[in-house]
Amino acid sequence: MPAIEAHHLTRRFGSITAVDDLTLTVEEGEIFGFLGPNGAGKTTTIRLLTGVLTPDTGTIRIAGIDLRTDPLPAKRCMGIIPENSAVYSDLTAIQNLTLAGRLYGLPAADRNARARSLLADLGLADRADEKVRTFSKGMKQRVSIGCAIIHEPAVLFLDEPTSGLDVQSRRLVTGMIRRMHDQGSTVFLTTHNIDEANTLCTRIGIINRGILAATDRPEILKQTFDTTQSIEISFAREIDPSVFSHPNVLRIDQRGDKLRIVTDDPDRAVKYLAAWADREGVRIASLNTLGPSLEEAFLAITGES
Amino acid sequence: MVLPLFFQGALAVAGKNVRIYYTKPPVFIFGLLFPLFLFIAFFMGRGLALSRFYPGFLAMTLFFTASSVGPLITPWEKRDRTYERLLSYPLTIGSIILGDILAGALFGFAISLVILVASLLIFSLPVGDPFIVLAAFLLGTIAFATLGTLLASPASDTPATVMMLSTLVRLPLIFISGIFIPLADLGGAAQAVAYLSPLTYLVDLFQGAMNGTGVIGPATDLAALLAYFLLFGAGAVYFQRRNVMKGL
Ligand SMILES: Nc1ncnc2c1ncn2[C@@H]1O[C@H](COP(=O)(O)OP(=O)(O)OP(=O)(O)O)[C@@H](O)[C@H]1O
Ligand SMILES: [Mg+2]
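Note that the structure is a prediction, hence the values are computed from the model and not measured.

Reading the values: rules and limits
- Residues numbered from 1 in each chain as written.
- Chains lettered and ligands numbered in written order.
- Predicted model: local features only at pLDDT ≥ 70, side-chain atom pairs only at ≥ 80, totals over all residues.
- Heavy atoms only, no water.
- Core = buried A, V, L, I, M, F, W, Y, C linked by side-chain atoms within 4.5 Å.
- Buried < 20%, exposed > 50% of the residue type's maximum accessible area, 1.4 Å probe, protein only.
- Helix = DSSP H or I, 4+ residues; strand = E, 2+ residues; numbered from the N terminus.
- Contact = heavy atoms within 4.5 Å.
- Phe/Tyr/Trp six-rings, centres within 6.5 Å; stacked < 30°, edge-to-face > 60°.
- Lys NZ or Arg CZ within 6 Å of the ring centre and 35° of its normal.
- Near = heavy atom within 4 Å.
- Polar contact = N/O pair within 3.5 Å; in protein donor to acceptor, adjacent residues only side chain to side chain.
- Areas by Shrake-Rupley, 256 points an atom, 1.4 Å probe, with all protein chains shown as cover.
- Donors = N, O, S within 2.8 Å, 3.2 Å for Na, K, Ca; no water.
- Buried area = accessible area lost by both parts, 1.4 Å probe.
- Salt bridge = Lys/Arg side-chain N within 4 Å of Asp/Glu carboxyl O.
- Axes fitted to C-alpha atoms, helices over the stretch in contact; angles between N-to-C directions.
- Parallel < 35°, antiparallel > 145°, perpendicular 65-115°, else oblique.
- Left-handed = near helix turned anticlockwise from the far one by under 90°.
- Nonpolar A, V, L, I, M, F, W, Y, C, P; charged D, E, K, R; others polar.
- Pairing = 2+ DSSP bridges.
- Domains from an automatic or database assignment.

1. Focus: the nonpolar core
Okay, step 1: Ranked by internal contacts, the top residues of the largest apolar core, which has 147 residues, are F157 and F188 of chain A together with L202 and F206 of chain B.
Okay, step 2: Element by element, the count of residues in this core is highest for helix α7 (residues 130-151) of chain B, at 10 residues.
Okay, step 3: Beyond its immediate sequence surroundings of up to four residues, L202 of chain B is in contact with A59, L62, A136, G140, F144 and L225 of chain B.
Okay, step 4: Core analysis: the next-biggest nonpolar cluster, separate from the first, contains 14 residues, F235, L259, L273 and V282 of chain A among them.

2. Remarks on the packing of aromatic side chains
All names here are of chain B.
Okay, step 1: The full count for this structure, using the stated rule, is 22 aromatic pairs over all chains.
Okay, step 2: Between F63 and F64, the aromatic rings sit 5.9 Å apart at their centres with planes inclined by 80°, giving edge-to-face as the arrangement. Here the two residues F63 and F64 agree in accessibility, since each one is buried.
Okay, step 3: Put simply, the rings of F30, F34, F63, F64 and F144 touch in pairs and so form one group of aromatic residues.
Okay, step 4: Seen from the ring of W76, R79 lies directly overhead, with NZ or CZ sitting 4.5 Å from the centre.

3. Quick notes on the site of ligand 1
All names here are of chain A.
Okay, step 1: G39, K42, T43, T44 and H192 are the nearest of the 14 residues found near ligand 1.
Okay, step 2: For ligand 1, an oxygen atom lies 2.9 Å from a polar atom in the side chain of N38.
Okay, step 3: Contact distances for ligand 1 include 2.7 Å between an oxygen atom and a side-chain N or O atom of K42.
Okay, step 4: In isolation ligand 1 offers 640 Å² of accessible surface; the protein chains occlude 68% of this area.

4. Here's the deal with the coordination of the magnesium ion (ligand 2)
Residue and element names in this part refer to chain A.
Okay, step 1: Coordination of the magnesium ion (ligand 2) by the protein involves T43 (OG1) and E83 (OE), with metal-donor separations of 1.9 to 2.5 Å. Remark: E83 occurs in the loop between β6 (78-81) and α3 (93-103) and T43 occurs in helix α1 (residues 42-49); sequence separation between them is 40 residues.
Okay, step 2: The class for E83 is partly exposed, based on a relative accessible area of 23%.

5. What to know about the interface of chain A and chain B
Often, the extent of an interface is quoted as the loss of accessible area on bringing the components together.
Okay, step 1: Contacts between chain A and chain B engage 29 residues on the former and 29 residues on the latter.
Okay, step 2: Overall, the association of chain A and chain B removes approximately 2700 Å² of surface from exposure, summing both partners, and the carbon and sulfur fraction of that is 61%.
Okay, step 3: Between the two partners, chain A and chain B, sit 2 salt bridges.
Okay, step 4: K24 of chain B is the salt-bridge partner of D90 of chain A, the closest N and O atoms lying 2.5 Å from each other.
Okay, step 5: Linking chain A with chain B are 10 residue pairs in polar contact (both at pLDDT 80 or more), by the criterion used here.
Okay, step 6: Counting residues per element, the ones that place at least two in the side of chain A that touches chain B are α2 (71-76), α3 and α5 (137-149) of chain A.

6. Thoughts on the packing of α7 of chain B against helix α10 (residues 198-211) of chain B
Residues and elements named next belong to chain B.
Okay, step 1: Where α7 meets α10, the axes come as close as 10 Å, and the angle between the chain directions of the two elements is 165°. What the angle tells us is that α7 and α10 run roughly antiparallel. The way α7 lies across α10 gives a crossing that is left-handed. In this structure, α7 contributes I132, V133, A136, F137, G140 and F144 to the contact, and α10 contributes P198, L199, L202, L205, F206, A209 and M210.
Okay, step 2: A breakdown of the residues in the contact of α7 with α10 according to their chemical character gives 12 nonpolar, 1 polar and no charged.

7. Let's talk about the pairing of strand β10 (residues 211-216) of chain A
Residue and element names in this part refer to chain A.
Okay, step 1: Pairing of strand β9 (residues 203-208) with β10 involves 5 bridges; the strand directions are antiparallel. Bridging from a neighbouring strand, G205 pairs with T215 of β10.
Okay, step 2: Where β9 hands over to β10, the hairpin turn is made up of 2 residues, of which R209 adopts a positive phi near 50°.

8. A short note on the sheet that holds strand β4 (residues 57-62) of chain A
All names here are of chain A.
Okay, step 1: Pairing in this open sheet of 4 strands is antiparallel, and the strands run β2-β1-β4-β5 from one edge to the other. Of all strands in the sheet, those bounded by a partner on one side alone are β2 (16-26) and β5 (65-66).
Okay, step 2: Sheet analysis places β4 next to β5, joined by 2 bridges and oriented antiparallel. Across the sheet, residue R61 finds its bridge partner in β5, namely D66.
Okay, step 3: Contacts from α1 reach β1 (4-13), β2 and β4, with the element oriented near 120° to β1.

9. Considering the domain arrangement of chain A
Residues and elements named next belong to chain A.
Okay, step 1: Partitioning chain A into domains gives domain 1 (4-218) and domain 2 (223-302).
Okay, step 2: The interface is formed by 12 residues belonging to domain 1 together with 6 residues belonging to domain 2.
Okay, step 3: Taken together, both faces of the contact between domain 1 and domain 2 bury some 750 Å²; the carbon and sulfur share is 85%.
Okay, step 4: It is I194, I206 and N208 that lose the most area in domain 1 upon contact with domain 2, and together they represent 54% of the buried surface on that side.
Okay, step 5: Across the domain 1-domain 2 interface, the total number found is 0 salt bridges.
Okay, step 6: Along the contact surface separating domain 1 from domain 2 lie 1 residue pair in polar contact (both at pLDDT 80 or more).
Okay, step 7: If you list the elements that add at least two residues to the side of domain 1 that touches domain 2, you get α7 (194-200), β9 and β10.

10. Focus: the sheet that holds strand β7 (residues 155-159) of chain A
Backbone-to-backbone hydrogen bonds pair the strands of a sheet. The strands run either parallel or antiparallel.
All names here are of chain A.
Okay, step 1: Here 6 strands make up an open sheet; going across it, the order is β6-β7-β8-β3-β9-β10 and the pairing mixed. Bordering the open sheet on either side are β6 and β10, each of which pairs with just one other strand. Strand after strand, the sheet turns through a mean of 15° between neighbouring axes, direction not considered.
Okay, step 2: With 4 bridges connecting them, strand β3 (residues 31-35) and strand β8 (residues 186-190) associate as parallel partners. Paired with I31 across the strands is V187, a residue of β8.
Okay, step 3: Each of β3, β9 and β10 is contacted by helix α10 (residues 294-302), which is oriented at about 35° to β9, the strand it contacts most.

11. Examining the pattern of salt bridges
Residues and elements named next belong to chain A.
Okay, step 1: One pass over the full model with this rule turns up 17 salt bridges over all chains.
Okay, step 2: Across the pair K258 and D257 runs a salt bridge whose closest N-O atoms are separated by 2.9 Å.
Okay, step 3: A relative accessible area of 54% places D257 in the exposed class.
Okay, step 4: Linking R268 and D265 is a salt bridge whose minimum nitrogen-to-oxygen distance equals 3.7 Å.

Written as structure tokens, this is what we have:
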């Protein structure tokens, strides 16, 4: 039984069609990444799938339960971290988690112990009894995650869970996502961090202007939508890219102290570059060949700009 | 006993409201200080018979306290960005509103009960018919708490605006009710206007139970309060559902 089944979802706001005839199935045990430019309809889709918004047309099943006819049982199977959503700053971390536990129907006897152990996992054991008002952004996000997973949901929705977090907090969040996944949860997340989607997700959907443009495994998306190959080279000193001219060098982009060289034949291009460096007596600091990238695939699909 | 999910959710929401919103300054100002000042302004130093106006004052206290928590909650949650998460929990607009009503009603009930008991002890006023007083307390607090949640419906995430607006709505309801001039003394047109205010029926219930000077009759009073509760409740569900995404 699929964890998430959406059929022909449409949602309009005035003249804008935020989600346009979206049909999507996410199987149990997947980590599904939902990508798209700003305003593409990611948050609206998550709001529809989690019952915060009702679709104009279309049906949704979560773990086989129809969200429209049985919203409360369906919502009990989910954990949700909304975009830009806060936890109660007047409550302590532990009170926030036990409130979430109560709302998800956990028995009173389990709530406190669950909340304490979860806060310890999230690195907040020593702040558990402080009001959330005094917490940093990353700490609040961890409380928010705790509220979403206290009932060990079958399906976890996260809307940009790592945006604005430092490296440690981001690792903690992605670690938590992996852990929930290992314990059998299905994960549906949106992100603007394409590397993160690439390393975390088993499947990716790309939405553009409300329309689901592509869904597939990350490697397949790359191969299908990004046919270019490139070489990334860095020299020990600054080199003006215009000195390179070769029929197999199609384009050169400056990326920090590196040059990204787009080519149709990596073998000839590498030999050319190495010969040039040797002739000019310039040391090569690093050299990588890059396969098709998810970022290029994303740009190819969402296009225009 | 396993309560249906709907009521479990409503009770959890009510618990959250009690914990977070009872201590907010606007509740204190508009729920407690306001009726006290009105009482002082209109009753003190005018040599009025306390027993004659006391039922009106009790009704006004109950009205203000019960309807002062509700307007605050939804705008506050929208402003603090906790509302979307609340919607994503196993709740519906209906169970969220019921939770808000329960919290408001409990606040009104508790404070009005304290005032009732204190004044019965201090001024040895007549107790009246305890069953009617209890019924009036229950139905009155619920109806006015529901008015409070209805007043929270405007699509605003600014609690101060909503509190001001709700005071603007509640004050006229007091002035046209039979608090300052007993219903029996009101003339034709004024009496007709008084019947529009839900507070009139609560005042009449208390007057009847405590002084034996009710005009409308307890059964009609209770039925009117019930009707207002249903009207306010339907309005709250309708408008809150319509404005659910505003301010998210
Ligand atoms: N409550 C609303 N009222 C009116 N329009 C809305 C509302 N919510 C979303 N929209 C519109 O729907 C479209 C999709 O918005 P949505 O928030 O789903 O995008 P997104 O993909 O999450 O963008 P971002 O990456 O910036 O978070 C946008 O054009 C937005 O303006
Ligand atoms: Mg978004």
